[in-house]
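The residues making up each chain are set out below.
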2 protein chains.
Amino acid sequence: MGSSVLIQKALKIREDSIDSVLPGVTLPDPLPQNVQGIPDTILNPAELQITGYDTLEIVQRLASRELSCESVTKLAQKTVNCITELLPEHAIKRAKYLDSLPHPTGPLHGLPISIKEQFGFEKDQCGAIIFARTSQPQSVMHLETNNNIYGRTVNPFNRNLTAGGSSGGEGALVGFHGSPHGVGGDIGGSIRVPAANCGIYGFKPTPFRVGNPGGMGLIVGQEGIIRCIGPLAPSLSSIELFMKAYLGTEPWIKESYLAPLPWRPIQLPKKLKIGVMWSDGIVNPHPPITRALSLLVNSLESNPAFEIVDWKPIDHDKCWDITCALYWEDGGRRLQKVLRSGNEAPLELTQWLLEQPTIRPRTVEEALELKEARNSYRAMYNQHWLNTGKEDNHPVDAILSPVGPGCAPPHNQSKYWSYTSQWKLLEYPSVSFQVTKLDPSLDVRDDSYRPISKANEFNYELYPGPEAYEDAPASLQLIMRRYEDEKCIDILKKIEAATHDFKK
Amino acid sequence: MGSSVLIQKALKIREDSIDSVLPGVTLPDPLPQNVQGIPDTILNPAELQITGYDTLEIVQRLASRELSCESVTKLAQKTVNCITELLPEHAIKRAKYLDSLPHPTGPLHGLPISIKEQFGFEKDQCGAIIFARTSQPQSVMHLETNNNIYGRTVNPFNRNLTAGGSSGGEGALVGFHGSPHGVGGDIGGSIRVPAANCGIYGFKPTPFRVGNPGGMGLIVGQEGIIRCIGPLAPSLSSIELFMKAYLGTEPWIKESYLAPLPWRPIQLPKKLKIGVMWSDGIVNPHPPITRALSLLVNSLESNPAFEIVDWKPIDHDKCWDITCALYWEDGGRRLQKVLRSGNEAPLELTQWLLEQPTIRPRTVEEALELKEARNSYRAMYNQHWLNTGKEDNHPVDAILSPVGPGCAPPHNQSKYWSYTSQWKLLEYPSVSFQVTKLDPSLDVRDDSYRPISKANEFNYELYPGPEAYEDAPASLQLIMRRYEDEKCIDILKKIEAATHDFKK
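Residues numbered from 1 in each chain as written. Chains lettered and ligands numbered in written order. Predicted model: local features only at pLDDT ≥ 70, side-chain atom pairs only at ≥ 80, totals over all residues. Heavy atoms only, no water.

Draft legend 1. Broad picture of the sheet that holds strand β2 (residues 112-116) of chain A. Residue and element names in this part refer to chain A. The strand order across the open sheet built from 11 strands is β1-β3-β2-β8-β10-β9-β14-β15-β13-β11-β12, with neighbouring strands paired in mixed fashion. Where the open sheet ends on each side, the last strands, each with one partner, are β1 (83-86) and β12 (306-310). Sheet twist, expressed as the mean angle between neighbouring strand axes with direction ignored, is 30°. Together, β1, β2, β3 (129-134), β8 (182-186) and β10 (228-233) form the strand contacts of helix α7 (residues 168-175), whose direction differs from that of β2 by roughly 150°. Lying over the sheet, helix α15 (residues 418-425) contacts β8, β9 (201-204), β10, β13 (398-402), β14 (430-437) and β15 (473-479), oriented at roughly 20° with respect to β15. (Pairing = 2+ DSSP bridges. Helix = DSSP H or I, 4+ residues; strand = E, 2+ residues; numbered from the N terminus. Axes fitted to C-alpha atoms, helices over the stretch in contact; angles between N-to-C directions. Contact = heavy atoms within 4.5 Å.)

Draft legend 2. Layout of the packing of helix α14 (residues 364-387) of chain A against α15 of chain A. All names here are of chain A. Here α14 crosses α15 at 100°, and the two axes come no closer than 10 Å. Judged on the interaxial angle alone, α15 and α14 are roughly perpendicular. Judged by residue contacts, Arg374, Tyr377, Arg378 and Tyr381 of α14 engage Gln422, Trp423 and Leu425 from α15. Of the residues belonging to the contact of α14 with α15, the class tally is 4 nonpolar, 1 polar and 2 charged. (Parallel < 35°, antiparallel > 145°, perpendicular 65-115°, else oblique. Nonpolar A, V, L, I, M, F, W, Y, C, P; charged D, E, K, R; others polar.)

Draft legend 3. Here's a closer look at the interface of chain A and chain B. Chain A puts 35 residues into the contact, and the matching count from chain B is 35 residues. Contact with chain B buries surface across chain A, with Val364, Glu365 and Leu368 of chain A losing the most and accounting together for 20% of the total. One can count 4 salt bridges joining chain A with chain B. Across the salt bridge formed by Glu223 of chain B and Arg374 of chain A, the nearest N and O atoms sit 2.4 Å from each other. Counting every contact that joins chain A to chain B gives 16 residue pairs in polar contact (both at pLDDT 80 or more). Elements with a minimum of two residues in the side of chain A that touches chain B: α12 (333-341) and α14 of chain A. Along the lines of polarity and charge, the residues of the side of chain A that touches chain B split into 12 nonpolar, 7 polar and 16 charged. (Buried area = accessible area lost by both parts, 1.4 Å probe. Salt bridge = Lys/Arg side-chain N within 4 Å of Asp/Glu carboxyl O. Polar contact = N/O pair within 3.5 Å; in protein donor to acceptor, adjacent residues only side chain to side chain.)

Draft legend 4. How the structure looks around the relation of the copies chain A and chain B. Note on the identical chains: chain A maps onto chain B by a rotation of 180° and an axial translation of 0.0 Å, with an RMSD of 0.0 Å. Within this description, the copies of the chain are treated as partners about a two-fold rotation axis. Taking C-alpha positions as reference, the residue of chain A nearest the rotation axis is Val364 of chain A, located at 2.7 Å. Taken as a fraction of all interface residues of chain A, those also at the interface in chain B reach 100%, which identifies the copy contact as same-surface. (Least-squares fit on C-alpha atoms with pLDDT ≥ 70 in both.)

Draft legend 5. Here's a closer look at the pairing of strand β14 (residues 430-437) of chain B. Residues and elements named next belong to chain B. Burial analysis of β14 places 7 of its 8 residues in the buried class, the great majority of the element. With 3 bridges connecting them, strand β9 (residues 201-204) and β14 associate as antiparallel partners. Bridge assignment links Phe203 to a residue of β14, and that residue is Val431. Bridge count between β14 and strand β15 (residues 473-479): 7 bridges; the pairing is antiparallel. Across the sheet, the residue bridging to Phe433 is Leu476, located in β15. (Buried < 20%, exposed > 50% of the residue type's maximum accessible area, 1.4 Å probe, protein only.)

Draft legend 6. Fine view of the environment of Lys318 of chain B. Residue position: Lys318 of chain B is located in helix α11 (residues 316-327). Considered as a pair, Lys318 of chain B and Tyr377 of chain B are 59 residues apart in the sequence and their alpha carbons are 8.7 Å apart.

Draft legend 7. Region of the structure containing the sheet that holds strand β3 (residues 129-134) of chain B. All names here are of chain B. Strand order in this open sheet of 11 strands is β1-β3-β2-β8-β10-β9-β14-β15-β13-β11-β12, and the pairing throughout is mixed. Among the strands making up the open sheet, the edge pair consists of β1 (83-86) and β12 (306-310). In this sheet, adjacent strand axes meet at a mean angle of 30° when their direction is disregarded. Here strand β11 (residues 272-276) pairs with strand β13 (residues 398-402) via 3 bridges, running parallel. Across the sheet, Ile274 pairs through a bridge with Ala398, a residue of β13. In the packing of helix α7 (residues 168-175) onto the sheet, the strands contacted are β1, β2 (112-116), β3, β8 (182-186) and β10 (228-233), and the crossing angle to β2 comes to about 150°. Where helix α17 (residues 485-499) meets the sheet, it contacts β9, β11, β12, β13, β14 and β15, and its direction lies at approximately 15° from that of β14.

Draft legend 8. Seen up close, the domain arrangement of chain A. All names here are of chain A. When the domains of chain A are assigned, the result is domain 1 (3-248) and domain 2 (272-441 + 472-502). At the interface, 51 residues of domain 1 touch 60 residues of domain 2. Here domain 1 meets domain 2 over a buried area of about 4,400 Å², counting both sides, of which 58% is carbon and sulfur. Our count for the domain 1 to domain 2 interface comes out at 3 salt bridges. Here Glu486 and Arg209 are joined by a salt bridge, their closest N and O atoms 2.9 Å apart. Joining domain 1 to domain 2, the criterion identifies 32 residue pairs in polar contact (both at pLDDT 80 or more). Contributing elements (two or more residues each) for the side of domain 1 that touches domain 2: β4 (146-147), β6 (154-155), β7 (158-162), α8 (192-197), β9 and α9 (236-248). Ranked by the residues each element gives to the side of domain 1 that touches domain 2, the list is headed by α8, at 5 residues. Residue classes in the side of domain 1 that touches domain 2 are distributed as 23 nonpolar, 18 polar and 10 charged. (Domains from an automatic or database assignment.)

Draft legend 9. Seen up close, the packing of aromatic side chains. All names here are of chain B. Applying the stated criterion across every chain, the model contains 36 aromatic pairs over all chains. Judged by centre distance (6.4 Å) and plane angle (90°), the rings of Phe203 and Trp263 are edge-to-face. You can see Phe203 sitting in strand β9 and its partner Trp263 sitting in the loop between α9 (236-248) and β11, a full 60 residues away along the chain. For Phe203, a relative accessible area of 0% gives the class buried. In this structure Trp263 comes out as buried when scored by relative accessible area, which is 11%. Seen in terms of ring centroids, Trp320 and Trp352 are 6.5 Å apart; in terms of plane orientation they differ by 20°. Their pairing is stacked. One end of the pair, Trp320, is in helix α11; the other, Trp352, is in helix α13 (residues 348-354), with 32 residues separating them in the sequence. (Phe/Tyr/Trp six-rings, centres within 6.5 Å; stacked < 30°, edge-to-face > 60°.)

Draft legend 10. The arrangement of the pattern of salt bridges in detail. Under the definition given, this model contains 43 salt bridges over all chains. Glu365 of chain B is the salt-bridge partner of Arg333 of chain A, the closest N and O atoms lying 2.6 Å from each other. Placement of Arg333 of chain A in helix α12 and of Glu365 of chain B in helix α14 (residues 364-387) is noted, with the two residues assigned to different chains. For the salt bridge of Glu427 of chain A with Arg378 of chain A, the shortest nitrogen-to-oxygen distance reads 3.4 Å. A residue pair is termed long-range when its members are at least 10 positions apart, and Glu427 of chain A in the loop between α15 and β14 and Arg378 of chain A in helix α14 qualify at 49 residues. Per residue, the accessibility class of Glu427 of chain A equals that of Arg378 of chain A, and both read buried. One connected set of salt bridges, linked through shared partners, spans Arg209, Arg264, Asp485 and Glu486 of chain A.

Draft legend 11. Structural context of the UniProt feature "active site" (unreviewed entry) in chain A. Residue and element names in this part refer to chain A. When the UniProt feature table is mapped to this numbering, "active site" (unreviewed entry) covers Lys116, Ser166 and Ser190. Spatially, the listed residues are clustered: although they cover 75 residues, their C-alpha atoms lie within 10.7 Å of one another. The residue Ser166 is located in the loop between β7 and α7 in this model. Beyond its immediate sequence surroundings of up to four residues, Ser166 is in contact with Lys116, Ser135, Gln136, Pro137, Val140, His142, Leu143, Glu144, Thr145, Gly185 and Ser190. Examined against the element boundaries, Ser190 turns out to sit in the loop between β8 and α8. Under the relative-accessibility criterion, Ser190 is labelled buried at 3%. Ignoring sequence-local partners within four residues, the contact set of Ser190 consists of Lys116, His142, Leu143, Gly165, Ser166, Ser167 and Gly185. (UniProt positions renumbered as here; feature names shortened; annotations may be inferred.)

Written out as structure tokens, the structure reads:
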């Protein structure tokens, strides 16, 4: 089959699947820049109420039969965008079956969830119902979402900005309240960036805590940087709910490559020591991000339960050099082969990544040396972290950092990964979360600013002023040591409880 | 420096270090075939008593000050063989320091331990004292121990047989009662084989449970098959003592690549289901090994606490093909470069491995495909294991298997790795242990036997009859699912308690 025939086939599957649940709906033409208000004009009040529920609330109401699985699933299908395929028959059949049972089937009984297109989904897990597959970019290696089949996924708060990627379909769908819970994958920021861009929570766990049965992609066999599967959700409690529920099924029995660790209760230190990374020393963030950091830091500094120190980044540029070389040990040859076989040109961001200076076809020996360089960097950074406890025997508990140089960038401009990819090479769990949103009166451009690097120059030019980022969420990221996934969520809970006064 | 100068330098370091603790001792010339009796002729009765203690007993007597650290360390140095360097100054200085302290410094306070040459040893761990570095083969990739610097390490029970390898110095030293506890590395059987050959216990844990700080070797960066560090010891209790003590130090804080798992208490099922692998379907084992299996099986079959079933091996030949290709993704080019730079010819067993049919220089893409093949094999085998519980919902708890085709082979003949390398690719923890020893009247050769493969033919010819294996220990191996390290030791304890009547 020719590639255009394949594209038509894929588009028809998508259109048919959406038409079957959204008959007769007319959307405004042209669409407004911010589309968050559209569900209000289409859904009835009862339906709208459900889209406002937190995941935990939905699960509780489903378990108590106050909501039927069928109605929630239908509703979720109605409000979507950014999907590659709705699964109405699968979802409704499954929902009816669950409703027919005398007891809930699992901790996520009846919860409609969406998943990134690249995942296998033979079985629903923990009782959840997979109702939609969502979009991802060409090569699944952009921090945006655009491909030659389904086109571009845009940001529900501002259609001129990207939803982020590569789990951009999830970011947009959950951010639009079109799905109460999403599952994405992160190899350079692909969960945390779309979550940050779309005003929700995105959690990248330590590798091998969440499995990827049936997962596909060009990175199969690539183990230099491990792709992590994790949740995108409108609340922190639903992130935790997912992790607990999933790990409660002991997935490591069936997927023997996983670590045999349930979601562990932990004891936080009485006083939390937070290292704040204002900049990675290469690209200073835009005004709304620095303001978001200041907001949190000012609030926490006056709180005796927190100690705030500066986090000193070390050689993050070197880390990026190793990281992107490990993405494509073959210099991208496997990717280029797939593109050629589909008669497909690389998109701008595909090409941009392949042209990073350290990416080239390597011999096996060179690839082995690269792993060695990665391991040395990991050991160095771990010691760096431990050294923060040299004087008081209390190393930093967490790093608070930007998720990227700014809010969601305009399309095709997400060319700085290092704020998220850094913690991929290091395998540190991290969660992104919205702190505030762009404020036109506060987030003015500093015209006297002098960029500290070429990458900084590019990213500085991306901020002509706040008008380019209207309504954009301003998000941050909390980073923990390897395997401290539980601590990551618990500390963010504490931070949110301590700073709820100015949130969003 | 020329290579012969380097060799002379290494030999002088070794000789000086031994002379300083064994002055004036004359050994019989020629040495007898079985050298286990020699310490009796050299040590005084008090010293001999100490070499008979179990590790736990030594540690308890050291903690209670009944033994001084210094005397035990000196003694251990006196009785050794198969070492590359004794560390008398380091050990005695450390021992004196420990004796000067008011309290024990750790769970292994004062215990003299030996370590394989390839490991770093900047610091002693858990209070133990590193007193000797032990021999390993050229390339550290033989199941024997022979190199152009120190020559061959032989079996203390029968000098015509190999001590095994690559941790052969540890096997011989601990088997000879020259060290109460050893630490080795296993990438294809290198802990379990020397332990089996020398009549002691060898435990290969799941990867990333025991760290390897400062470890060196040609496999740096090689992650297709992960080398595991683990203990070799004269008793099962000392294997457990080491694992508990080591993991009790939370090594994953300093070595962040390790899994954050302490030694976990576990609950064994009331009835243990043991899968017995009589053969891997490629090389049937020699008579003493089959007899050792029968001894255990007959005893356990009459015990209501055990259920014995057959273990069906699947595609172990395919597993070997993938495994050895992953050892040398570069076809051995890095190894050959090192050999050339030292003007060194590959030894017979080095050459044998490099000539395995699937080993060749690969492109990065081919190396990535190899990882994919490995991952598929792992998934298939895991499902195979779970399927053993299809009917009774109780999958096999452990596999009982040979460690190799026979007892310790004559020199240069260890050319069948699959009984141990199989569980390396699968990352299953396994422990080897002696069951009995060669019995000339029972272990007769079956002259009518028809080999089932070429490899079987070679290994059958290695058994002309029991006379070639006089005094050789006959050992087996117990294998568990990934991360079930604790269960592995606990089940072996139960098996030993149930079968102690005929042991050794």
